[in-house]
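# Breakdown of the fold
Here is what each chain is made of, one letter per residue.
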Amino acid sequence: MPRAMINVPAKAKRGEVIPIKTLISHVMESGFRHSSTGQVFPRDIITGFVATYNGEEVFRATLFPAIAANPFFTFHTVAVESGTIEFEWTGDNGFSGIEQAKILVE
Amino acid sequence: MLVPSAAATPATMQAAIASVIRGAKVNPGKIKLDIPPLVENGNTVPCSITVDSPMTEVDYVKAIHVFTEKNPQPNVVSIQLGPRAGRASVSTRIRLADTQTVVAIAELSDGSLWSHRVDVLITLGACLEDS
Amino acid sequence: MSPGWSARRVAARLFAIAAWIAPAGVACAAEIPLSERRSGYEQMSSDLKAMQDEDTSNPGMLWVLDGEALWNRKTGEANRACADCHGAAHESMKGVVARYPAFDSKRSMPVDLEGRINICRTEHQKAPALAFESKELLSLAAFVAQQSRGTPIESNDERLESFIEAGRKLFNQRQGQLDLACAQCHDDNSGRKLAGIPMPQAHPTGYPVYRLEWQSLGSLQRRLRNCMIGMRAETYAYGSPEYVALQAFLMWRARGMLMESPAVRP
């Protein structure tokens, strides 16, 4: 499992707009770097990131090599109900990472 | 006659933008691209995008796209949002190869397109490692 | 190319003579007073400070998470985890790295954090040493160093005196094709700009550090090597005693400042 750090408020009021922060370990090899002997380091990046809230998609990003190593995203979502927010990253060479966070909505 | 340098790809950026907007008109405004004007290291540049939108079921931001002019590739990120976002405010970290212009475009639910262009100055660290 | 007796050297000699008058544990020249010691953190933009300040935002924390897993994993022929001897790191390692490099009486010399981890690996876990700058070594170092975050740096072990002195000499000696000494940038010109970037005082408060230039976490040894390459000087091999001596001096020079590990730097 790739290392990731997630920040989701544990509790929120119904209807509140909450910030979510995500950080995942990934070198994001751009595919544009060369060794000193002229060989290209092949591209190896995360290409997709999706957040779902009790199964419903609330955020989606398509990443290109211009996203910095150890991709970081902050975004917002409405605290509609208690449940699970799931985060999934996919990328080159079959990269896959899944994290979950629980939220209590009052 | 001015000849563009090999690294600069404003034409490629225009082409990348064109494939997203598909001939529709883009107006400046509503979207704000926040990047520090002077960047310590182009490898990791904090970047925030906010769009002035109520994010209701009938009036919301569908997508945000970011492009660069002088990176080896013009696309940076494409983000899909919806009314569930509550606020069209996203932050990430991007790579900027050189001092250049960065463009962010917002697609709204009514089909309108809005843009913001920012010039960024990249300084490099003084003591670099040999590759 | 400056002549042998530059104005700075003359000034330093005079200062050294003047400094004998002032009471000091280890007699010194041109030491930055505690109230004027500034971490490189303070010269960063608010965006980079924000990157360091919050754990979810700080890429160095990814290595800390990995290090925590390694701390608890049994390994080597002894099938022992760090935790088996040291228990919970937040208790046993609290404040430890703020007093590094630490004198090893068996070896009669100071050992830095990475060196100490490998001594434990080879002698107590009976596992092979971890390679310098390897993910595992950096993760363990980050996890252990993070337990000292917020702790003031201490340097008052008399047994370190000769090593601190050796480090001071290295810090002050001119080297490389640019014939520069560390002190010329980091003592004499800190705060001024070089290639658009403010020159830091160069305190080791945040190691191992997530350096944007590396897009990765790295050790103090790696950073010192970067400096030496920048000065067009021959680097010492990884693990050389010169790095430990330099670190002993830098930690002494930074005493009283708070640890920030894992820090973020450009």
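Since this is a predicted model, take the numbers as computed values, not measurements. (Residues numbered from 1 in each chain as written. Chains lettered and ligands numbered in written order. Predicted model: local features only at pLDDT ≥ 70, side-chain atom pairs only at ≥ 80, totals over all residues.)

### Looking at the overall build of chain C
Scanning chain C for helices and strands turns up eleven helices and seven strands. Taking all 266 residues of chain C together, the buried fraction comes to 38%. A sequence separation of at least 24 residues applies to 70% of the contacts in chain C between residues at least 6 apart. (Helix = DSSP H or I, 4+ residues; strand = E, 2+ residues; numbered from the N terminus. Buried ≥ 20, exposed ≤ 12 C-beta atoms within 10 Å, placed from the backbone. Contact = placed C-beta atoms within 7 Å.)

### Topic: the sheet that holds strand β7 (residues 264-265) of chain C
Residues and elements named next belong to chain C. In space, the three strands of this open sheet follow the order β6-β5-β7, with mixed pairing throughout. Two strands lie at the open edges of the sheet, namely β6 (216-218) and β7, each paired on one side alone. Relative to β6, strand β5 (residues 209-211) runs antiparallel, the two being bridged by three bridges. Of the residues in β6, the one forming a bridge with Arg-211 is Ser-216. (Pairing = 2+ DSSP bridges.)

### A closer look at unusual backbone geometry
Residues and elements named next belong to chain C. Put simply, Tyr-207 and Pro-208 share a cis peptide bond, and its omega is -10 degrees. For Pro-208, the location among the structural elements is in the loop between β4 (197-198) and β5. Here the residue pair Ser-261 and Pro-262 is connected by a cis peptide bond, since its omega of -10 degrees sits within 30 degrees of zero. Tracing the chain through its elements places Pro-262 in the loop between α11 (241-253) and β7. Residues other than glycine seldom take positive phi values, yet Asp-179 does so here, at roughly 55 degrees. Take Asp-179: it is sitting in the loop between α8 (161-172) and α9 (182-186). Exposure remark for Asp-179: the 13 C-beta atoms within 10 Å place this residue in the partly exposed category. Positioned with a positive phi, Arg-232 is a non-glycine residue whose angle comes to about 60 degrees. Along the polypeptide, Arg-232 turns up in the loop between α10 (220-230) and α11.

### Side note on the domain arrangement of chain C
Residue and element names in this part refer to chain C. Parsing chain C into structural domains produces domain 1 (37-54 + 153-265) and domain 2 (61-146). The C-alpha-based centres of domain 1 and domain 2 are spaced at 22 Å. Listed by partner, the interface residues are 22 residues for domain 1 and 21 residues for domain 2. For the side of domain 1 that touches domain 2, the secondary-structure elements that each account for two or more residues are β6, α10 and α11. For the side of domain 1 that touches domain 2, the element with the most residues is α11, which contributes four residues. Of the residues contributing to the side of domain 1 that touches domain 2, the split by class is twelve nonpolar, six polar and four charged. (Domains from an automatic or database assignment. Nonpolar A, V, L, I, M, F, W, Y, C, P; charged D, E, K, R; others polar.)

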